[in-house]
Amino acid sequence: QVRLVESGGGLVQPGRSLRLSCAASGSIFIISTMSWYRQAPGKQRELVASITSTGSTNYADSVKGRFTISRDSAKNAIYLRMNSLRPEDTAVYYCKAGVRRTSTDYVGNYWGEGTLVTVSS
């Protein structure tokens, strides 16, 4: 099996920064794209940022210039540096990874259980 574990969430004041981490473990042959999603109360889950195995990144318009996604392929991990946080960034943040478990396996999507980020004064 494949397991994703997020960490780094918490309560932070508007304008401050936070860094989220996500590490994948288990039966992993190779990981393709890894992503951060978030879901605010009463809203649908949305893509925040993604990063491919070659380092190409993509960001939601709402976080461009404030958030930075990075990856440590040796550790099967990604990070999300969040600067200038706003109350509307409050959400549960989820990590997703496209994982091939063997050389002949298809790529399956795996999710973490999420970490809560609350931006409030």
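Attention here is on the structure that accompanies the text.

**Observations concerning the pattern of salt bridges**
- A full pass over the atoms with the stated rule returns 5 salt bridges.
- For the salt bridge of Asp89 with Arg38, the shortest nitrogen-to-oxygen distance reads 2.9 Å. Of this pair, Asp89 sits in the loop between strand 8 (77-82) and strand 9 (91-100) while Arg38 sits in strand 4 (residues 30-39), and the two are 51 residues apart along the sequence.
- A relative accessible area of 0% means that Asp89 is categorised as buried.
- Of the charged contacts, one joins Asp61 and Lys64 as a salt bridge, the two residues approaching to 3.2 Å between their closest N and O atoms.
- Owing to a relative accessible area of 64%, Asp61 belongs among the exposed residues under this scheme.

**Some remarks on the nonpolar core**
- In terms of nonpolar packing, the biggest core is built from 31 residues, with Trp36, Val48, Phe67, Leu80, Met82 and Tyr93 touching the most fellow members.
- Of all the secondary-structure elements, those providing two or more residues to this core are strand 1 (2-7), strand 3 (18-26), strand 4, strand 5 (46-51), strand 7 (67-72), strand 8, strand 9 and strand 11 (115-119).
- Looking at which element gives the most residues to this core, the answer is strand 9, with 5 residues.

**Section: the sheet that holds strand 7**
- In space, the 4 strands of this open sheet follow the order 1-3-8-7, with antiparallel pairing throughout. Only two strands of the sheet have a single partner each, and these edge strands are strand 1 and strand 7. Put simply, the sheet's adjacent strands are angled 15 degrees from each other on average, direction ignored.
- Bridge analysis of strand 7 against strand 8 gives 6 bridges, and the strand direction is antiparallel. Considered in strand 8, the bridge of Arg71 is made with Ile78.

**A word on the side chain of Arg71**
- With respect to the helices, strands and loops of the structure, Arg71 is situated in strand 7.
- Buried and unpaired, Arg71 has no salt bridge, with Asp72 as the nearest side chain of opposite charge at 8.2 Å.
- Within the structure, the side chain of Arg71 is placed 3.3 Å from the backbone oxygen of Ile51, a separation counted as a polar contact.
- Reaching out from Arg71, the side chain makes a polar contact with the backbone oxygen of Thr52 at a distance of 3.2 Å.
- Beyond its immediate stretch of four places on either side in the chain, Arg71 contacts Ile31, Ser32, Thr33, Met34, Ile51, Thr52, Ser53, Ala77 and Ile78.

**Section: the pairing of strand 10 (residues 107-111)**
- Going residue by residue along strand 10, you find Gly108 and Tyr110 tucked away on one face and Val107, Asn109 and Trp111 left uncovered on the opposite face.
- With 5 bridges joining them, strand 9 and strand 10 adopt antiparallel strand pairing. The partner of Lys96 across the bridge, within strand 10, is Trp111.
- Taking the residues between adjacent antiparallel strands as the criterion, strand 9 and strand 10 are bridged by 6 residues.

**A closer look at the packing of aromatic side chains**
- For the structure shown, the criterion picks out 1 aromatic pair.
- If you follow Arg45 out to its NZ or CZ, it ends over the ring of Tyr94, 3.7 Å from the centre.
- The ring of Trp111 carries the charged tip of Arg45 above its face, separated from the ring centre by 4.7 Å.

Cut-offs used in this document
Residues numbered from 1 in each chain as written. Predicted model: local features only at pLDDT ≥ 70, side-chain atom pairs only at ≥ 80, totals over all residues. Heavy atoms only, no water. Salt bridge = Lys/Arg side-chain N within 4 Å of Asp/Glu carboxyl O. Helix = DSSP H or I, 4+ residues; strand = E, 2+ residues; numbered from the N terminus. Buried < 20%, exposed > 50% of the residue type's maximum accessible area, 1.4 Å probe, protein only. Core = buried A, V, L, I, M, F, W, Y, C linked by side-chain atoms within 4.5 Å. Pairing = 2+ DSSP bridges. Axes fitted to C-alpha atoms, helices over the stretch in contact; angles between N-to-C directions. Lys, Arg positive; Asp, Glu negative; His and termini not counted. Polar contact = N/O pair within 3.5 Å; in protein donor to acceptor, adjacent residues only side chain to side chain. Contact = heavy atoms within 4.5 Å. Phe/Tyr/Trp six-rings, centres within 6.5 Å; stacked < 30°, edge-to-face > 60°. Lys NZ or Arg CZ within 6 Å of the ring centre and 35° of its normal.

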